[in-house]
Structures are given as C-alpha cells and as structure tokens.
Amino acid sequence: MTDAEAATIARASIDAAAPGFGVYVHWPFCLSKCPYCDFNSHVRHAAIDEARFVRAFCSEIAHAAARAPGRTVSTIFFGGGTPSLMAPQTAGAILDAIARHWPIAPDVEVTLEANPTSVEATRFRALRAAGVNRVSLGVQSLDDAALAQLGRLHSAREALEAVAVARETFERFSFDLIYARPEQTPDAWRTELDRALDENSEHLSLYQLTIEADTPFATLHAAGKLRIPDPDAARALYDATQEVTAARGLPAYEVSNHARPGAECRHNLIYWRYGEYAGVGPGAHGRLQVDRARIATATEKHPERWLLRVESRGHGLVVEETLSREEQADELLLMGLRLTEGIDPARFAATAGRPLDASRIADLCAQHLLEIDDCGRLRVTPAGFPLLDAVVADLAA
Amino acid sequence: MTAVPIENVRNFAIIAHIDHGKSTLADRLIQLTGGLPEREMVEQVLDSMDIERERGITIKAQTVRLSYRARDGKDYVLNLIDTPGHVDFAYEVNRSLAACEGSLLVVDASQGVEAQTLANVYQAIDNNHEIVPVLNKIDLPAAEPAKVKQQIEDVIGLDASHAVEISAKTGLNVPEVLEAIVTRLPPPKGDRDAPLKALLVDSWYDAYLGVIVLIRIVDGTLKPHQRIRLMGTHASYEIDRVGVFTPKMQDAEVLGPGEIGFLTASIKEVADTRVGDTITDERKPVAEPLPGFRPAIPVVFCGLFPADAADFEALRAAVSRLRLNDASFTYEMETSAALGFGFRCGFLGLLHLEIVQERLEREFNLNLIATAPSVIYKMRLTNGEEIEIHNPVDMPDVVRIAEIREPWIRATILTPDEYLGGVLKLCQDRRGEQADLNYVGSRAMVIYDLPLNEVVFDFYDRLKSVSKGYASFDYHLTDFRPADLVKMSILVNGEPVDALSMLVHKARAEVRGRAMCEKLKELIPPHMFQIPIQAAIGAKIIARETVRALRKDVTAKCYGGDVTRKRKLLDKQKEGKKRMRQFGKVEIPQEAFIAALKVDV
C-alpha cells in the first residue's frame, strides 16, 4: 500500500462517520512553569498524592459517562501540565476507569504529552504497558540557547535522545517546536526544522511563539525586553515552515500541525471537526451532545480545589451550559476552518439554522483566501491560512 | 413674595476663565446666603447638566436669587446670572450680560488673566457693566495678587486696587464679595408704572411645566394671568406662573423692574422663545423692542447618523426631544448611500456640534457617526436659479454652476504678543484677510476676515495650539463672497465615501486631501487586502495613500478548551465590527469620520 492509498483509506474512515468520541484528561502539574505558557499548570514542591487524584479522576469519568453514556471512545488524550510526570500506574488506572464506563474502539488512539528528559524517557516503557500508544514530546527547540530562553529544563541532545526512546517504544509519536522566537531568522529556522524532520516523525506541531496575557513573557514584552518578530518577519517564518514541511512530506493539515497523510492526531481532529469530547481533570473543557442540546462543560481549574469539589460532589464542573445554535455555529467555523480539509457548508447551515453569507464567501473566494473544493467543502487556501482569524471574523460577522 | 424696592436689587454675572473658580464661588455665595440647605448642596449647583459639570462649560444660562442682609442692616436681593462661556454661545452670553448691571471678574491669583476672560470682559464693558475684580485662590503658595492686579490694570484697563482677595475653596473673604456687590454695583433702573418691557434671557424645556423662560424685567411688572406678547415672534400667551430661582423654583406674586426671574405660559417649544426677544404686555405694548435682538442662525452643518441603522427611529425621537430645549439646533432628514438614514443638522458652531452629539449619545444612549462639517453655500446656476447648499452631496454638476458664494466672518483674536506670529500665519493659511492689528496692554488684537469654511475645519483647535491656549477668539458672520470652491471626494478602495466629501477652496484642496488620506491611513485597520485611499476632484486624483494588507493574523494554538475563549474573542470582534461602517469591502471605524476632519493643516 502506498502512502497515498493509505491516506485515502484513512481519510475515508475518519470522514465517513462522525468525528468520534474523545476523552481529554488534564494533569495540571509541571516541574517548573515555562515563561510563555498560559495553560492551566501548577508547580508543587511537595509530593502529589496521586492515589487521591486517581480516585477523583475516576469519579469525574463516572459522572461524565452518566451524562454521555454508550459512546465508543475513539481517542484519549493526556494533556497538561506534564502528564509524563504521572506514575505510569496512575495513567493506567485512569485508562481502566474510562474502559469501565465506555466501550473502547479497537483502534483507540491514546496520546500522552511528555517532556523530552531522560528521567521521563525511562517511564515510556511502563506508560506503553499501561496503554498509551502515542506520545507528543514538548521538544520546543533544537537549540540550547533557545531552550534556555524558553525556560525548558532539557537540552537539545537530551530531547533527541528522548525522541529516539519514543520512536522505539510507541507506535506513533509527535513532537512540538516553537518558532518565531526572538531574533530567529528564516534561514536558521529552516536548518532547525530540517534537523527536526530528519527524526522521521510522522507528526510535528510547529507553533509560532505567542505572547499570552499574564505570563512572564507578556511582562517582558510589555517592558520592551523581549522582542518577537514583527508581522512581516513572522509571515516569512510561517511561509518557510509550510515550504519545508511540504517538501519533506509533512504538510500542514491544521494551522500549526503537520503530519504524513493519515498520521494526523485523531484526538485533536475531534476538536477541529467539532465532534464530541468529555473533559476530565482540573480546568478541562468538554463538548457533549445531551439529548438534542450541545453542552459546554468546564471544570474548576485549581488542582486542589478541583479535588475537594470532586470529593464532595462527584464532579468538578463549574460550567455546564447549553450552547445556542449561533454559538455552536461560531465554534464549528472557528475550529473547522483551522483544518486544510475545511468544513461542510451544509453542516454549518444545519447547526446555525441559516447558511453562511454567500456574498462574503464570494468576496473571500475572489480574494483567493477561501475556496470551495470539488466535494463542496469550504476551505481556507494556503494564502488564507496566515490570515485565518480575519477570515473567520469576516465570515462569522 | 412681593416685588422688592428696586434700589435693593443687584444683578450681576461672574466672568472667569475655566478653572478659575467661578462655580466654586457661586456655590459659596449660595451657601452663605442660605439659598440651599447644607444637605442639598452639590458641587457646581448651577451646572445642572452632567456635561456641563464634566466639561466645565455652562450651556444654558442659569440664575439664582440670593437674599442678603448687608452690613448697612438692609435686606438686598442679589441676582446672579451664570452665563455660557464659549464663542459658539457668544450671543447668549451677551444677552445674559445685558440683563445685569455689573460683573465680578474672577481671576486665579496664581495664574493671572487668561485669554478666554477677555472677550467676556469686553462684552461686559460694552454692556456698561460696573466690574469688581476678585482674586481667587489667594491661599495657594503660588498666588501673586500684586502682580495679577497689575496685569488686570495693564491688560484690561480696570482699576484693581480694590480687588477682593478670596479663596472660594476655603471661604476666605467671600463675605467681602457680597458687600462689594451691594456697595460697588449699581442698582437697576426702571419704571414700575411704565408698560411691561422684559428681556428674554434664555429658556428651556421642563417635562412638567413646558417651556420655562428666564427673563429680566426692564420696566413695568409681570403677574400671573397677564397676557404677554413676544415682539420678535408676535406670539401672545397668558402667564401661568412667575417666580425666582433660589436656586429652586419659587413662585412670586409679581416681578418688578430690575428683577430677574422666570415665567411659564403654556409655551410648547423652546423654539418659540428666542433669546434676546422683548416681552411686553399684549394690551399695553411698548412701541420699541429692546435693542440687540438677533435670531440664532445655524452656521455649521453636519450629518448625524446612527451607527446601528436600527437606531434611526430612536435618533429621530432624540433629536426632536433635544430641539425642544435647544432652538439653535436644527435638523432635517438626510439619506446617505454609505450611512443610511440620518439627519442633516445645523449648529451655532463646532463646540455646539460636539455638545449636541455628546448629549445625544449620553442622554439617549445612541451611537452616532458625524460627517464632515460644512457651512451654507449660495450658488447661482447657469439657468439663473439661486440655491443654497449645506451638504456637499447636494452640489450640482460643476457645469451648471455660474457662481458659488461662501459665508465670511469677521474674527477678533486677542493673543499675547509672543504668539502673534503663529496666529497671523494661521489666519493667513486659512485665506484670511487682515483688517486690523493693534495692542491692548501687552496683548495683540488682530481682526481678520475669514471664510467660515476654513474656521469650521479645526481652526479653534489650531488657534489654541499655536497660542498655547492663550488666544481668545470671537466672530460674527459678515457677508457672502464669491469663492473658487471644488468638491473633493475621498475614495476608499476605489469607492467614494459620500460622508467624507467636502467643498474646499481650490488652492487648499491638495493640502487638505493629502492630510485626510494620511489620517485615514492611520485610522483604517489593515484588512486582508491592501486598500488605496485617494482624494479626488472629479476624476483627478490629488492625493493617495495605501493601507497595507494584513500579513499575519492567526491563532497558533487552538484546542478543545480554547474554543470557548476563542468564541468569546470572536464575539468581541463582532461587536467591534458593529462600530465599523462597511464601504464596499472595507470597514471604516466610526471615529475615523470625525478624526479625519480634525487633521492638522
């Protein structure tokens, strides 16, 4: 079977049915907080009572399963924080709890985010034994100076060693890099990216550095002590990324995600295809279909408060609201257009109760930012992707 | 309450630069004479509109009657008139001053005489006022009373040796101000037995009482049930109530000569009561009205459109409500290709425009877009027809126009000597013709004839900036003169934006066009495509700028949790877009319409 055939089969299998049902598990602890990160992560100096967390995760899983019973779980994703800091038996216990409440698809994808350090790499085998079959490594850079600036605790060499262990241990793996870093030139980035592609990973996540509010980087940036590339330079870096990855067989399938055709992260595809997913753990979000309503859920973010909440109520939900058709339609658009495959305009119309504005579509198509493919799907063009937020705002207005 | 003996009445105004303490002094005088119980005192009692309090501008004249037992043991009635304080309302100020015999000139002892004060002092002198200089803020370490007194003598030519030195804030010496009013200002003159003759000082609309008219009785008396006639409009009414402000409204049986008070007479609209009109007895009218009556004529026009087209009916209701209380403001419906339905409105000047717009937005909760201000143009067409145009959109094809005439004003500008050069250059740049230049103390007084068109376009802001705020400015319309005017259009992405088109002098078109394009370039956010901005006269492009296309605008990371946050951001973007106007494919923010017209040329 050629790659192209495999891709066709894979696409047919994911496109044919609903996007599937995913379970997101949030592990909120890190060894240290990276200065650019605004995710829900916390540093604890005392040992974490993992057994107690496992019991709370099990309660929340039971609660979610009662809310959305009978789904077949097609993907599970351990995100964080740093879930690779979990004891492997913690991950195993959580997977067991999921399997007790929902049927599990035979080809289930179980991803875990991991730091590429030698310590964590030693747990990979045990994590594999617990049921994890895909890892996503937070390599972030292959340049030691950049790693230090990003506040990462590993070196480039250590990261590449962890990548090697991951390759041996798991069926599938991916790693992340952050680009558009201060002073980064397109040439330097091409070289770094080429080196990363030499690792022969089936999947790469390549994020432009974003200054998020309330992070140390935001403070430095506001004080003029951290300079990031201006829009022109950032665009040049983005264009270089597309060019290099496409040439090496890992084209973008989403704004920042690249894969060999068929090797896309199926869990994240559920988000982007605006499918159904349960979120468990502190600060996890979910989207569930309950009767005819689409429910948005979110849990308490703070780990210990989440724990107490789950222990007293059986779940840590702080948000559980029905989304209006317009809100659902906005989310469908926001997420779906991030994918190169785009969205089905008929699905948008069915969700919103109204079609997309044809004249806006025509305008954006005339500007070569949007196109309608042979199957009638509406998708953003390569020229449109760098301006995606503006395109979506225009369509949604 | 009965009429007081005329020799115990004093009518006075307070003249002061903004922030020199006029309102604080008025508050103190009210407190000292027991006009309001302590618990009802708020700061700046007389400025009843929020906008007045915030901007420190008095828009409507207000009055308060103070009862004062002087050191001579006699009881006096002191009527304080608080006047509007801006050039747009110069006529209203003049009428308020005409209702008084004297003024307090309040000068900040740490700042000295400032420009704004001058025009009003000269108006007071023109009205034969006795003037008592008051030095305020003498408690401040920076106060220099001796120097400021000298300045008053040099600049204004008033004897300042008996100036009262006070601190309105602490109340220091404020009682001396009351004594000075009694002893140094003359009582009004008037004949109680003569036919009624009263000055209409101002009027406003009250939801319960209808129009309330502020008046100064010159001769005769005014009582309920009396039939009166307004000599300017020839309308007659029967008086319902007469009375005074303490500052609360208090009914009186009669108002006599020299008194200042109010009347109500089932008058429906403020427009029926023109400031400066003469009120007389219907059965026993005077032969001659009081001098100086001049109907308010709007001289500046602009379109006001609701930002959200759905608010048009609300805007219609709001302008008609506002007009009830402000007869100098006019409106008629207007349709714009770009902005939809709105109103073409006329104003006394640019500040008046801003105030009306702000009141509409604030009191009626409307979001408005104002188009380029314009003046009235008289055009003679080739077929002999004469038309008036106050909207560039209505301008006929050039080949049909035989002649355009534009309004000119005579401007009087007082400025400290060191800014004279800048002021002269500004007037010269604005096509001004110098009529006179001389000195008043160390200040230069320049008189210029200027096209009003050049004045409505940020002249006042420029004057303030070239003179660091020291120049004062007053003007009146003189005549219409032939003008070499062209219609300049602004094209955004190749499409003309009618709301930004304007009539400009041919020689000034290029400079102004370039400035407009540069400003719009700053104000229009980058789009997904590049946007040319052009200024054109007919088909000829005279200036061009380009808004560069967006280069990158995409969220790098977006997963399951982020979708909620991202959706909320999208909601904000949608809100923002509602504040934009769509011209073809381009969205122009509302503030661009006003800001583009304030460009510095």
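Quantities reported herein were computed from a predicted structural model and do not represent experimental measurements.

(A) Expanded view of the overall build of chain A. A count of helices and strands for chain A gives 16 helices and 16 strands. Counting over 397 residues, chain A shows a buried share of 57%. Taking as baseline every contact in chain A between residues at least 6 positions apart, the subset at least 24 positions apart corresponds to 69%. When the accessible area of chain A is evaluated, it comes to approximately 16,000 Å², of which 54% is carbon and sulfur surface.

(B) Representation of the packing of aromatic side chains. Under the definition given, this model contains 22 aromatic pairs over all chains. Between Y253 of chain A and W272 of chain A, the ring centres sit 6.1 Å apart and the planes meet at 70°, which makes this aromatic pair edge-to-face. With Y253 of chain A in strand β9 (residues 252-254) and W272 of chain A in helix α11 (residues 266-272), the pair connects residues that are 19 residues apart, well separated along the chain. The two residues Y253 of chain A and W272 of chain A agree in class, both being buried. Linked through ring pairs, F312, F329, Y331, F341, F343 and F347 of chain B together constitute an aromatic cluster. We note R481 of chain B situated over the ring of W408 of chain B; from NZ or CZ to the ring centre the distance is 4.0 Å.

(C) Representation of the pairing of strand β14 (residues 278-281) of chain B within the structure. Residue and element names in this part refer to chain B. Across the two faces of β14 the burial is the same, with T278 and T280 and I279 and D281 all buried. Where strand β7 (residues 197-206) and β14 come together, 3 bridges link them in antiparallel fashion. Paired with A198 across the two strands is I279, which belongs to β14. Sheet topology places strand β9 (residues 227-230) next to β14; 3 bridges connect them, and they run antiparallel. The partner of L230 across the bridge, within β14, is I279.

(D) Up close: the packing of helix α15 (residues 358-366) of chain A against helix α16 (residues 388-396) of chain A. All names here are of chain A. Taken N-terminus to C-terminus, the directions of α15 and α16 make an angle of 155°; their axes are 9 Å apart at the nearest point. Accordingly, the angle class assigned to the pair α15 and α16 is roughly antiparallel. Side by side, α15 and α16 meet where R360, I361 and L364 of the first sit next to V391, D394 and L395 of the second.

(E) Inspection of the side chain of R65 of chain B at higher detail. With respect to the helices and strands, R65 of chain B occurs in strand β2 (residues 62-69). Within the structure, R65 of chain B has its side chain in polar contact with the side chain of E259 of chain B (distance 2.8 Å).

(F) Representation of the interface of chain B and chain A in the model. In this assembly, 26 residues from chain B lie in contact with 45 residues from chain A. Between chain B and chain A lies a buried interface of about 3,300 Å² when both sides are counted; carbon and sulfur atoms form 56% of it. Its largest share of buried area at the contact with chain A, chain B owes to M528, Y559 and R567 of chain B, together 21% of the area lost on that side. When the shortest N-O distance is used, the salt bridge between R551 of chain B and D232 of chain A registers 2.8 Å. Seen at the junction of chain B and chain A, the total is 21 residue pairs in polar contact (both at pLDDT 80 or more). Split by residue class, the side of chain B that touches chain A holds 9 nonpolar, 5 polar and 12 charged.

(G) Examining the side chain of R10 of chain B more closely. Residues and elements named next belong to chain B. Mapping R10 onto the fold places it in strand β1 (residues 9-16). Lacking a salt bridge, the buried R10 has D72 as its closest oppositely charged neighbour, with an N-O distance of 6.8 Å. In terms of polar contacts, R10 uses its side chain to reach the backbone carbonyl oxygen of L185, at 2.9 Å. In contact with R10, other than residues within four places in its own chain, are Y76, V77, L78, N79, I181, V182, L185, P186 and P187.

(H) Representation of α15 of chain A. All names here are of chain A. Of the positions making up α15, those classed as buried are R360, I361 and L364. Projected down its long axis, α15 shows its buried positions confined to an angular sector of 100°, all on one face. Exposed residues on α15 whose side chains face more than 90 degrees from its buried face are A358 and A366. Packed against the buried residues of α15 are β15 (370-372), β16 (378-380) and α16. Note on α15: the residue one or two positions beyond its end, H368, has a positive phi of about 60°.

(I) Summary view of the nonpolar core. Ranked by size, the top nonpolar core spans 131 residues in total, and within it I76, F78 and W102 of chain A carry the most contacts. Two domains each provide a minimum of three residues to this core, namely domain 1 (3-271) and domain 2 (338-397) of chain A. Excluding residues within four positions of it along the chain, W102 of chain A makes contact with F21, V23, I61, A64, A65, A68, P69, G70, R71, V73 and A278 of chain A. Core analysis: the next-biggest nonpolar cluster, separate from the first, contains 51 residues, F312, Y377, I409 and L503 of chain B among them.

(J) Structural detail: the sheet that holds strand β17 (residues 340-347) of chain B. All names here are of chain B. Taking strand neighbours across the sheet as the criterion, the 4 strands line up as β16-β17-β15-β18 in an open arrangement whose pairing is antiparallel. For this open sheet the edge positions go to β16 (330-336) and β18 (368-370), each flanked by a neighbour on one side alone. Taking the axes of each pair of neighbouring strands and ignoring which way they run, one obtains an average angle of 30° across the sheet. Note: β16 against β17, 7 bridges, orientation antiparallel. Its bridge partner being in β17, T330 is matched across the sheet by G346. Packed onto the sheet, helix α8 (residues 350-363) meets β15 (300-306), β17 and β18 and runs at close to 20° relative to β15.

(K) Layout of the state of the cysteines. Residue and element names in this part refer to chain A. For the structure shown, the criterion picks out 0 disulfides over all chains. The thiol sulfur of C30 is not disulfide-bonded, and the nearest other cysteine sulfur, from C37, lies at 6.5 Å. By relative accessible area, C30 is classed as buried at 14%.

(L) View of the pairing of strand β6 (residues 134-140) of chain A. Residues and elements named next belong to chain A. Most of β6 sits inside the fold, with 7 of its 7 residues counted as buried. Here β6 shows a buried face lined by R134, S136, G138 and Q140 and a second buried face lined by V135, L137 and V139. Note that strand β5 (residues 104-114) and β6 share 4 bridges and pair parallel. Each bridged residue has a counterpart across the sheet, and for A114 the counterpart in β6 is L137. With 5 bridges joining them, β6 and strand β7 (residues 172-179) adopt parallel strand pairing. Opposite V135, over in β7, you have F173 as the bridge partner.

The rules behind these values
Residues numbered from 1 in each chain as written. Chains lettered and ligands numbered in written order. Predicted model: local features only at pLDDT ≥ 70, side-chain atom pairs only at ≥ 80, totals over all residues. Heavy atoms only, no water. Helix = DSSP H or I, 4+ residues; strand = E, 2+ residues; numbered from the N terminus. Buried < 20%, exposed > 50% of the residue type's maximum accessible area, 1.4 Å probe, protein only. Contact = heavy atoms within 4.5 Å. Areas by Shrake-Rupley, 256 points an atom, 1.4 Å probe, with all protein chains shown as cover. Phe/Tyr/Trp six-rings, centres within 6.5 Å; stacked < 30°, edge-to-face > 60°. Lys NZ or Arg CZ within 6 Å of the ring centre and 35° of its normal. Pairing = 2+ DSSP bridges. Axes fitted to C-alpha atoms, helices over the stretch in contact; angles between N-to-C directions. Parallel < 35°, antiparallel > 145°, perpendicular 65-115°, else oblique. Polar contact = N/O pair within 3.5 Å; in protein donor to acceptor, adjacent residues only side chain to side chain. Buried area = accessible area lost by both parts, 1.4 Å probe. Salt bridge = Lys/Arg side-chain N within 4 Å of Asp/Glu carboxyl O. Nonpolar A, V, L, I, M, F, W, Y, C, P; charged D, E, K, R; others polar. Lys, Arg positive; Asp, Glu negative; His and termini not counted. Arc of directions from axis to C-beta. Core = buried A, V, L, I, M, F, W, Y, C linked by side-chain atoms within 4.5 Å. Domains from an automatic or database assignment. Disulfide = S-S within 2.5 Å.

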